[in-house]
Amino acid sequence: MIVTTTNSIEGRKITSYKGIVVGEAIMGANVVRDMFAGITDIIGGRSGAYESKLQDGRDTALREMEQRAAALGANAIVGVDLDYEVVGQSMLMVAASGTAVVVE
């Protein structure tokens, strides 16, 4: 499955549009990770715990989107967009969306 943020794939011709596909992941944060992230914020530096959680959410959303595209008979997704939102006090939502297509 080719996945790209561009609207076309260089050297490939889009022969069929299958529709918009979306993948979502809502990830919960826990109190211990929040506490250590808070300490990191105070003393400076990067929060590895949150970076890892973002990566997990992104991977899950992209994988789900790819599965939905494959179910439609697509072999590529173009125009991919990733969105991040905080839900409530401690939940992170990652959404991936794009257009499922068939390329030759």
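Because the structure is predicted, anything quoted here is derived from the model rather than measured.

## Brief notes about the side chain of Thr4
Within the fold, Thr4 resides in the loop between β1 (2–3) and β2 (14–28). In terms of polar contacts, Thr4 uses its side chain to reach the side chain of Thr6, at 2.9 Å. Apart from the residues lying within four places of it in its own chain, the contact partners of Thr4 are Ile9, Ile77, Val78, Gly79 and Val80.

## Considerations on the pattern of salt bridges
On inspection of all chains with the given rule, the structure shows two salt bridges. Between Glu24 and Arg68 there is a salt bridge whose closest N-O contact spans 3.7 Å. Remark: Arg68 occurs in helix α2 (residues 48–71) and Glu24 occurs in strand β2; sequence separation between them is 44 residues. Here Arg68 ties to Glu64 by a salt bridge, and the two come within 3.3 Å at their closest N and O atoms. A residue pair is termed a helical-turn pair when its members lie 3 or 4 positions apart in one helix, as Arg68 and Glu64 do in helix α2 at four residues. The partly exposed category is assigned to Arg68, whose relative accessible area is 39%. Via salt bridges that share partners, Glu24, Glu64 and Arg68 belong to a single interconnected network.

Criteria and thresholds
- Residues numbered from 1 in each chain as written.
- Predicted model: local features only at pLDDT ≥ 70, side-chain atom pairs only at ≥ 80, totals over all residues.
- Heavy atoms only, no water.
- Helix = DSSP H or I, 4+ residues; strand = E, 2+ residues; numbered from the N terminus.
- Polar contact = N/O pair within 3.5 Å; in protein donor to acceptor, adjacent residues only side chain to side chain.
- Contact = heavy atoms within 4.5 Å.
- Salt bridge = Lys/Arg side-chain N within 4 Å of Asp/Glu carboxyl O.
- Buried < 20%, exposed > 50% of the residue type's maximum accessible area, 1.4 Å probe, protein only.

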